[in-house]
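Examining the three-dimensional arrangement
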Amino acid sequence: MEELILQLKQEIIRVLNLEDVTPAGIADSAPLFGEGLGLDSIDALELIVLMEKRYGIKLKDPAQGREIFTSIRVMAEYIHANRTK
Amino acid sequence: MPQVIRKYCHVTHRSATVNGKAFPVAEVDGEGKFLTALYRSLKIDYPKFFKMDSLSKLGFLASELILRDEEPRFAPREDVAILCFNRSASLATDALYQVTIRRGDGCYPSPSLFVYTLPNIVTGEIAIRNKFFGETSFYVCKEWDVQQALRMAGQILCDGRTRAVLAAWVECFEEACEAFMMLVDTENQPGIPPEEIAFSTSKKTTWKN
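Examining the interface of chain B and chain A
Contacts between chain B and chain A engage 12 residues on the former and 13 residues on the latter. Carbon and sulfur atoms make up 54% of the area that chain B and chain A hide from each other, which totals about 1100 Å². With its nearest N and O atoms 3.1 Å apart, the salt bridge here joins D20 of chain A to R40 of chain B. In this structure, the connection of chain B to chain A is made through five residue pairs in polar contact (both at pLDDT 80 or more). Of all the elements in the fold, those that place two or more residues in the side of chain B that touches chain A are α1 (34-41) and α4 (111-114) of chain B. Of the residues forming the side of chain B that touches chain A, the biggest block, three residues, is contributed by α4 of chain B. Here the residues of the side of chain B that touches chain A are counted per class, giving six nonpolar, three polar and three charged.

A word on the pairing of strand β4 (residues 80-86) of chain B
Residue and element names in this part refer to chain B. Across the seven residues that make up β4, a large majority, seven, are buried. Along β4, one buried face is formed by V80, I82, C84 and N86 and the opposite face, lined by A81, L83 and F85, is buried too. Pairing between β4 and strand β5 (residues 136-140): five bridges, direction parallel. Paired with F85 across the strands is Y139, a residue of β5.

Analysis parameters
Residues numbered from 1 in each chain as written. Chains lettered and ligands numbered in written order. Predicted model: local features only at pLDDT ≥ 70, side-chain atom pairs only at ≥ 80, totals over all residues. Heavy atoms only, no water. Contact = heavy atoms within 4.5 Å. Buried area = accessible area lost by both parts, 1.4 Å probe. Salt bridge = Lys/Arg side-chain N within 4 Å of Asp/Glu carboxyl O. Polar contact = N/O pair within 3.5 Å; in protein donor to acceptor, adjacent residues only side chain to side chain. Helix = DSSP H or I, 4+ residues; strand = E, 2+ residues; numbered from the N terminus. Nonpolar A, V, L, I, M, F, W, Y, C, P; charged D, E, K, R; others polar. Buried < 20%, exposed > 50% of the residue type's maximum accessible area, 1.4 Å probe, protein only. Pairing = 2+ DSSP bridges.

Laid out in structure tokens, this is it:
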């Protein structure tokens, strides 16, 4: 799980162009939206694309994303349980 | 009173000037990294910059160079308009977006690229950053014509609300990327004579990015 969390942080930094952010600077349980990383709605769409492209997970219900993208740890746990690649 | 140029700036792949004088930029970390170096030199804390496409980065940085000494900064204003021109619209980002659609390993259209597939997004980025609620417009034309830009700025300044116009050429396609921006108003006579400004789009600026 810790390896997946680190990989996920690296992917998010790359995909969302978080220039001044390092994996160590993202707390596993910090909120991704609002406070924490302060991501926006376009970032949420990029995360949905990342989930499908990198891990083979299709999110059909946008409301589902709201729960999954609570924090890096929650996201990693969901990926671990549902990934197809 | 006629509209006049109060201030102007020019940004290319390797230099930035304000009113013809070089703006010092810290060490550039690799080819194609000048805009990031300029961002750092301006000491801006605006992470959204890194999510912008090159066209918006250019326009954004030009506006920062022009407005950095203006007071008050970031107070909501309805009396500032933004008027931009370029030759290639958002074609560079359109092409990048198309690649995400037709990629061989699956079709994953990029939402963050899609939002920049309109050239007038740059006017929105500048307006959001500065809390400008005035008129914004973007025109696609072959060349920059300072007299035409001044005339159009003058028309906007006649609306009874607008007191200043940011008028700019912001172009980024293939190897031609540069921004020229001027702050136009009617209150700072006599202003900078347009004939003293050496900027033309007829000579292509090359940029290996």
